[in-house]
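# Coordinate inspection notes
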Amino acid sequence: NENVTPDNNDDVSASASAKTPALIAREVARRRTFGIISHPDAGKTTLTEKLLLFSGAIQMAGTVKARKSGRHATSDWMEIEKQRGISVASSVMQFEFRDHVVNLLDTPGHQDFSEDTYRVLTAVDSALMVIDAAKGVEAQTIKLLDVCRMRNTPIVTFMNKMDRETRDPLELLDELESVLKIQCAPVTWPIGMGKNFRGVYHLLNDTIMLFKAGEERADGAFEIIEGIDNPRLQEMFPLEMDQLRMEVELVKGASHPFDLQEFLAGVQTPVFFGSAINNFGVREILSALVDWAPAPRERDATVRAVDPKEEPFTGFVFKIQANMDPAHRDRIAFLRVCSGRFERGMKVKHLRLGREVKVSSVVTFMASTREQVEEAYAGDIIGLPNHGNMQIGDSFSEGEMLTFTGIPFFAPDFFRQVRIRNPLKIKQLHKGLQQLGEEGAVQVFKPVQGGELVLGAVGVLQFEVVASRLLNEYGVDAVFEGTSISSARWVSSDDKKALSDFEDQLGHNVAYDAAGNLAYLATSSVNLRLTQERWPKLQFHATREHS
Ligand code: G4P
């Protein structure tokens, strides 16, 4: 600030604040925020663990993985995950690598939790797609990639499990291109597979990294040999080298050379081959994310786009998780910082409620523990403890009215009515459902007339999760029963009278969701269509962004 006189008392802080834009720009530039997308069992958990191990964030292999054997693990906050061995809750991990701050957002792989996954993917700047090279593109890979494509999220691909008998690598690339409709630019190329897996050839560097099994190696220091024509290689692997040269020629001719702009536009994916369990190829993935994946970019906030380097703090909530620590009955809103600098103790405005919140207790998610956060920048995820007043999609700023877009809820496809075995637990049931509804674990509809709550889900497993969580976290033994409802639509209109007439006349099938939005619960597709025709002044929506 040039207007400050030298003897002004504010001199120090003024010059510090003059430095803030540069500081913010520097911090934003070194942030990488990504999520892993994969079909269950492709190796996401294993890879996550190796990424963390490799970055020095955790010392012992098996920490993330341990959830499957029932021990405590960082990415396992929920009992049900242990039981099922599928990642239900998404978690967030932050670590440093090569002077970059990497935020890794875990996503549930199971399709029944795709809504949660979708919302997590709105908070990332790039994605790592893990493919089981023995299986190729699987159902869930296709769906998740479609989600990434909606936002043109750049994607790095990892072909995993090369230490096993896999499918032909050329065929894998071909499948990626034809099924996922994304250009492939192989960056490494495998030499053999299964028992004869020798390593990978780096097409851009002309180096060969020799494979050695051994999952506890954290340094990833595999032997590197320069040059595909190096005589040493010929001596070591006479058979494989001829094959490799042939394949490399083919690949170079048939595939796309890596192009950073195409990658950033989400049109092309660099492809790496490796073996997560052997930590082989993990460093290359991490380097690709740091070197090529984008730092936080501009985000649409309805009235304008927000640049991550702007000084004022802004962000949005993309996920709520209750009872992460059952001992404390806490509830955390996961907020993605979109701009500015967040400091502990600062006051921010919760824009939906128009309320100022002093954020004195904020958690960040280091790989091994939850820690108090002192500061955060665009791309970082901070956890705001709250008592249920924050909702998915809520925007925060230092005062400016903004609404970050693109965090949707989908109209559920499956419906259940809830009954409890012990009527004395009705209060706990309502509290539990209200909280789980706000969390987005399930959608809860309260009909305007008639008391029975209706639950809606995108996948049926969600009901099981809710039943289990109601029991474990709220002490409610609930029974879920079928209902006559077959679809739901959110309803809006500028015509207030039409809305209230609608409520009055169709009260049994008109309900409010956990965020207080009006919805119509249809008994059949015909019923839905007729209702839409009869109420032309109302709009019926299959998705809603936020309240
Ligand atoms: P997910 O989170 O995507 O569901 O996959 P996860 O990492 O749990 O891996 C699924 C299975 O694949 C695990 O075996 C894991 O050990 C194995 N796996 C992961 N990466 C590799 C690899 O590079 N090579 C080989 N050969 N296997 C790999 P599991 O038998 O289901 O579990 P576990 O008994 O090993 O824990």
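On to the overall build of the chain, then. A count of helical and extended segments in the chain gives 14 helices and 33 strands. Residue burial in the chain is summarised as follows: out of 547 residues, 57% are buried. When contacts within the chain are restricted to residue pairs at least 6 apart in sequence, those whose partners lie at least 24 apart make up 70%. With an accessible surface of roughly 23,000 Å², the chain has 50% of that area assigned to carbon and sulfur atoms.

Ordered in space as β28-β25-β27-β26-β30-β31-β29-β32, the 8 strands form an open sheet in which the pairing is antiparallel. Two strands close off the open sheet at either side, each with one partner strand: β28 (478-481) and β32 (539-541). Strand-to-strand twist across the sheet, computed as the mean angle between neighbouring axes with direction ignored, equals 40°. When strand β29 (residues 487-492) meets strand β31 (residues 518-522), the two strands line up antiparallel, connected through 4 bridges. Within β31, the position partnered with Ser487 by the bridge is Ala522. Running at roughly 135° to β31, helix α14 (residues 525-534) makes contact with β29, β31 and β32 of the sheet.

For the pair helix α11 (residues 426-439) and helix α12 (residues 461-474), interaxial distance at closest approach is 10 Å and the crossing angle is 125°. Here α11 is positioned oblique relative to α12, judged by the angle of their axes. Crossing geometry of α11 relative to α12 is assigned as right-handed. Contact with α11, carried on its side by Gln428, Leu429, Gly432, Leu433, Gln435, Leu436 and Glu439, involves Val466, Arg469, Leu470 and Tyr474 of α12 and no other residues of that element. Its residues placed into classes, the contact of α11 with α12 shows 6 nonpolar, 3 polar and 2 charged.

With respect to the helices, strands and loops of the structure, Ser339 is situated in strand β15 (residues 331-339). What makes Ser339 buried here is its relative accessible area of 0%. Reaching out from Ser339, the side chain makes a polar contact with the backbone oxygen of Pro312 at a distance of 2.8 Å. Looking at Ser339, its side chain comes within polar contact range of the side chain of Thr314, at 2.7 Å. Beyond its immediate stretch of four places on either side in the chain, Ser339 contacts Val306, Asp307, Pro308, Glu310, Pro312, Phe313, Thr314 and Ala378.

Turning next to the packing of aromatic side chains. Taken as a whole and judged by the stated rule, the model has 17 aromatic pairs. Summarising the aromatic geometry, the rings of Phe197 and Phe280 are spaced 5.6 Å apart at their centres and angled 90° between planes, so their arrangement reads as edge-to-face. Here Phe197 is found in the loop between β7 (188-191) and β8 (199-202), whereas its partner Phe280 is found in the loop between β11 (268-273) and α10 (282-291), with 83 residues between them in sequence. Consider the rings of Phe502 and Phe540, whose centres lie 6.1 Å apart with planes at 85°: the pair is edge-to-face. Placement of Phe502 in helix α13 (residues 496-505) and of Phe540 in strand β32 is noted, with a sequence separation of 38 residues between them. The exposure class of Phe502 is buried, given its relative accessible area of 0%.

Moving on to the sheet that holds β7. Taking strand neighbours across the sheet as the criterion, the 4 strands line up as β7-β8-β9-β10 in an open arrangement whose pairing is antiparallel. In the strand order of this sheet, the two ends are held by β7 and β10 (224-226), each with one partner. Neighbour to neighbour, the strand axes of the sheet diverge by 25° on average, direction disregarded. Note that β7 and β8 share 4 bridges and pair antiparallel. Looking at β8, one finds that Ile191 is bridged to Gly199.

Running from amino to carboxyl end, helix α4 (residues 114-121) crosses helix α5 (residues 139-150) at an angle of 35°, the nearest separation of the two axes being 10 Å. In this structure, α4 meets α5 at a crossing whose hand is right-handed. Packed against α4, whose contacting residues are Ser114, Thr117, Tyr118 and Leu121, the element α5 presents Gln140, Leu144, Val147, Cys148 and Met150 at the interface. Each residue belonging to the contact of α4 with α5 can be placed in one class, and the counts come to 6 nonpolar, 3 polar and no charged.

The next subject is the environment of Leu260. Within the fold, Leu260 resides in helix α9 (residues 260-264). Along the sequence, Leu260 and Glu115 sit 145 residues apart, while their C-alpha atoms lie 30 Å from each other.

Here is what the cut-offs are and how they apply
Counting of residues starts from 1 at the beginning of each chain's written sequence and follows it residue by residue. With pLDDT at 70 or above as the cut-off, local features in this predicted model cover only qualifying residues; side-chain atom pairs require 80 or more to be listed or tallied, and sums for whole chains, interfaces and linings still use all residues. Hydrogen atoms and water are omitted, and side-chain values are computed over all heavy atoms in the structure. Elements are defined by DSSP. Helices are runs of H or I of four residues or more, strands are runs of E of two residues or more, and each kind is numbered from the N terminus. Note on classification: 1.4 Å probe, protein chains only; a residue is buried when its accessible area is under 20% of the maximum for its type, exposed when over 50%, partly exposed between these limits. Contact between two residues is taken to exist if any of their heavy atoms lie within 4.5 Å; hydrogens are not considered. Surface accessibility follows the Shrake-Rupley procedure with a 1.4 Å probe radius. Residue values consider only the protein chains on display as shielding. The pairing criterion is simple: DSSP has to find at least two bridges between the two strands. Inter-axis angles, ranging from 0 to 180 degrees, are taken between N-to-C directions of lines fitted to C-alpha atoms, where helices are fitted over the stretch in contact. Throughout this description, any angle smaller than 35 degrees is read as roughly parallel, any larger than 145 degrees as roughly antiparallel, any in the 65 to 115 degree range as roughly perpendicular, and the remainder as oblique. For any pair of crossing helices, the crossing counts as left-handed if the nearer helix is rotated counterclockwise from the farther one by less than a right angle, and right-handed if it is rotated clockwise. The residue classification treats Ala, Val, Leu, Ile, Met, Phe, Trp, Tyr, Cys and Pro as nonpolar and Asp, Glu, Lys and Arg as charged. All others, Gly included, are polar. In the analysis that follows, any N or O atom pair within 3.5 Å is treated as a polar contact, provided that within protein one partner can donate a hydrogen and the other can accept it, and provided that, for residues neighboring in sequence, both atoms belong to side chains. Ring geometry is summarised as follows: Phe, Tyr and Trp rings, the Trp one being its six-membered ring, pair when their centres sit within 6.5 Å, and such pairs are stacked at plane angles under 30 degrees, edge-to-face over 60 and tilted between the two.

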